[in-house]
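Observations on the model geometry
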Amino acid sequence: AKALGRNQHHAYSAELNKAARDRLQLEVQLREAAHAGQFELYFQPQIHAESGALVSAEALIRWKHPVHGLRLPGTFIDVAEDSGLIVEIGEWVVEQAIRTAAGWEADGLDCRLSCNVSPRQIQRPGFVAHVRNCLDRYKVTPGKIELEITESLVMSSDSATIDTIAQLRALGLSIAIDDFGTGYSNLARLKKLPIDRLKIDRSLIQDVAYSAEARTIVNAIVSLSHGLGYDCVAEGVETSLQADILSVIGCELLQGYSIAEPADEASFLSWAAARASR
Ligand code: C2E
Ligand code: CA
Ligand code: CA
Ligand code: CA
């Protein structure tokens, strides 16, 4: 029994070692990817629920790995966050998003562009300066830019982070709370936040067509945010039935596969052109 125990222990630590090695390898590859320019932004539209018009797009990072092909953020964002690489990658995302939005504006496409900002990124001194610098450099109307910050970060934040969010908003861009409804929200705190909109998490949108309870919750979130002066985006809208229900509830913006999947810039722009000429 003793020998068996030891073997199990060996197998277990071999597993652990492998996990640690894989992680380290991923970290090294991520570092290389950043320098080799292997990241790309994909874009997913957000439409006005009533008119169907394009209002905004969310930039979502993709890793074009030379061997493994297209990799989704779920496979690397956590490692990037834990290793601190997210700061470098995130700065690239912000700059690339602002550059892209400036291009759209110059081409006469009236569309806001939002990008995801990680906790580590926003808490770093110099983040506001970086954003301001990009806005100036690419000469985009700041109102064309939105930053998405997760509910869990906003609700757990110290006053310094809230102050940073206010400074960002003072630059003229808008702020959305991402994944709303998944974490614990302090309602008293919600009313004092320097933000513009709430993105209702996909987990709540999923059941809206089948569950009266889900509808009640989404309805309450929408009225709550309107009462506080924010508007709402539903994410993960996968069916036209969900879209219709959300429109009736009064959720302003819709995003999800039933409208369009995230796509590279060229595909997104042809989708936008087709939509504009409907
Ligand atoms: P998120 O910010 O909540 O982004 C929405 C995710 O839902 C995206 O996954 C999008 O492709 C997916 N999605 C959109 N519509 C639907 C739908 O109708 N059904 C379903 N099932 N999914 C839908 P993606 O692109 O894989 O990104 C996953 C997460 O990675 C994002 O979640 C965000 O937290 C993070 N992420 C993506 N890009 C960045 C980035 O540039 N910086 C940072 N810090 N995080 C990022
Ligand atoms: Ca997001
Ligand atoms: Ca989200
Ligand atoms: Ca999410």
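Rules used throughout
Residues numbered from 1 in each chain as written. Chains lettered and ligands numbered in written order. Predicted model: local features only at pLDDT ≥ 70, side-chain atom pairs only at ≥ 80, totals over all residues. Heavy atoms only, no water. Donors = N, O, S within 2.8 Å, 3.2 Å for Na, K, Ca; no water. Near = heavy atom within 4 Å. Polar contact = N/O pair within 3.5 Å; in protein donor to acceptor, adjacent residues only side chain to side chain. Areas by Shrake-Rupley, 256 points an atom, 1.4 Å probe, with all protein chains shown as cover. Helix = DSSP H or I, 4+ residues; strand = E, 2+ residues; numbered from the N terminus. Axes fitted to C-alpha atoms, helices over the stretch in contact; angles between N-to-C directions. Parallel < 35°, antiparallel > 145°, perpendicular 65-115°, else oblique. Contact = heavy atoms within 4.5 Å. Nonpolar A, V, L, I, M, F, W, Y, C, P; charged D, E, K, R; others polar. Expected span 1.5 Å × (residues − 1). Buried < 20%, exposed > 50% of the residue type's maximum accessible area, 1.4 Å probe, protein only. Phe/Tyr/Trp six-rings, centres within 6.5 Å; stacked < 30°, edge-to-face > 60°. Pairing = 2+ DSSP bridges. Left-handed = near helix turned anticlockwise from the far one by under 90°.

- The protein chain carries the name Bifunctional diguanylate cyclase/phosphodiesterase in an unreviewed UniProt entry, which gives Sphingoaurantiacus capsulatus as its organism.

A closer look at the coordination of the calcium ion (ligand 2)
- Distances from the calcium ion (ligand 2) to its protein donors, Glu-58 (OE), Asn-116 (OD1), Glu-148 (OE) and Asp-178 (OD), fall within 2.2 to 2.3 Å.
- For the calcium ion (ligand 2), the single-chain donor residues occur in sequence as E-x57-N-x31-E-x29-D.

Comments concerning the site of ligand 1
- As a matter of local geometry, ligand 1 sits amid 21 residues, with Gln-44, Arg-62, Asn-116, Glu-238 and Tyr-257 nearest to it.
- In the model, an oxygen atom of ligand 1 is placed 3.3 Å from a nitrogen or oxygen of the Glu-58 side chain.
- The side chain of Asp-179 places a nitrogen or oxygen atom 3.3 Å from an oxygen atom of ligand 1.
- Protein contacts shield 82% of the accessible area of ligand 1, which totals 800 Å² for the unbound molecule.
- Secondary-structure elements contributing two or more residues to the shell around ligand 1 are strand E2 (54-65), helix H3 (85-106) and strand E6 (174-180).
- Broken down by element, the residue count for the shell around ligand 1 peaks at 4 residues, all from E2.

Examining the packing of helix H5 (residues 127-138) against helix H7 (residues 159-170)
- Remark: H5 packs on H7, axes separated minimally by 10 Å, with the N-to-C direction vectors making an angle of 10°. On the basis of the axis angle, H5 is roughly parallel to H7. In this structure, H5 uses Phe-127, Val-128 and Val-131 to contact H7, whose residues at the interface are Thr-164, Gln-167 and Leu-168.
- For the contact of H5 with H7, the residue count by class is 4 nonpolar, 2 polar and no charged.

Thoughts on H3
- Given a rise of 1.5 Å per residue, 22 residues ought to cover 32 Å, and the 32 Å separating the end C-alpha atoms of H3 matches this to within 8%.
- One or two positions beyond H3, positive phi appears at Gly-108, with a value near 80°.

Section: the environment of Ile-200
- Looking at the element boundaries, Ile-200 is found in strand E7 (residues 197-200).
- For Ile-200, a relative accessible area of 0% gives the class buried.
- Placed 184 residues apart in sequence, Ile-200 and Leu-16 show a C-alpha to C-alpha distance of 37 Å.
- Once residues lying within four places of it in the same chain are set aside, the contact partners of Ile-200 are Phe-180, Ile-205, Val-218, Ile-221, Val-222, Cys-232, Val-233, Ala-234 and Glu-235.

Remarks on the packing of aromatic side chains
- Counted by the stated rule, this structure contains 7 aromatic pairs.
- When the centroid spacing of 5.9 Å and the interplanar angle of 35° are considered together, the rings of Phe-39 and Phe-76 count as tilted. Of the two residues, Phe-39 is situated in strand E1 (residues 39-48) and Phe-76 in the loop between strand E3 (69-71) and helix H2 (77-83); the sequence distance between them amounts to 37 residues.
- Judged by its relative accessible area of 9%, Phe-39 is buried.
- Judged by its relative accessible area of 1%, Phe-76 is buried.

Quick word on the pairing of E2
- Within E2, 10 of the 12 residues are buried, which leaves it mostly tucked inside the rest of the structure.
- As defined by bridge partners, E1 adjoins E2 across 9 bridges and the pair is classed as antiparallel. Bridging from a neighbouring strand, Glu-40 pairs with Arg-62 of E2.
- Remark: 5 residues form the turn of the hairpin made by E1 and E2, two consecutive strands paired antiparallel; Gly-52 in that turn has positive phi of roughly 80°.
- Summarising the sheet, E2 and strand E4 (residues 112-116) pair through 4 bridges and their orientation is parallel. Across the sheet, residue Glu-58 finds its bridge partner in E4, namely Ser-114.
- Across 3 bridges, the pairing between E2 and E3 is antiparallel. Residue pairing in the sheet places His-65 in a bridge with Gly-69 of E3.
- Linkage of E2 to E3, two consecutive antiparallel strands, is achieved through a turn of 3 residues.

Quick word on unusual backbone geometry
- Even without being glycine, Lys-139 reaches a positive phi, approximately 50°.
- When you line up the elements, Lys-139 lands in the loop between H5 and strand E5 (145-150).
- The class of Lys-139 is exposed, set by a relative accessible area of 67%.
- One non-glycine residue with positive phi stands out, namely Asp-179, at about 55°.
- Summarising the element assignment, Asp-179 is placed in strand E6.

Describing the packing of helix H10 (residues 212-227) against helix H11 (residues 240-249)
- At their nearest, the axes of H10 and H11 sit 10 Å apart, and the two run at 45° to each other. As summarised for this structure, H10 and H11 are arranged oblique, according to the angle between their axes. When you trace H10 past H11, the crossing you get is right-handed. Here H10 contributes Arg-215, Val-218, Asn-219 and Val-222 to the contact with H11, which in turn contributes Ile-245, Leu-246 and Ile-249.
- A per-class count over the contact of H10 with H11 returns 5 nonpolar, 1 polar and 1 charged.

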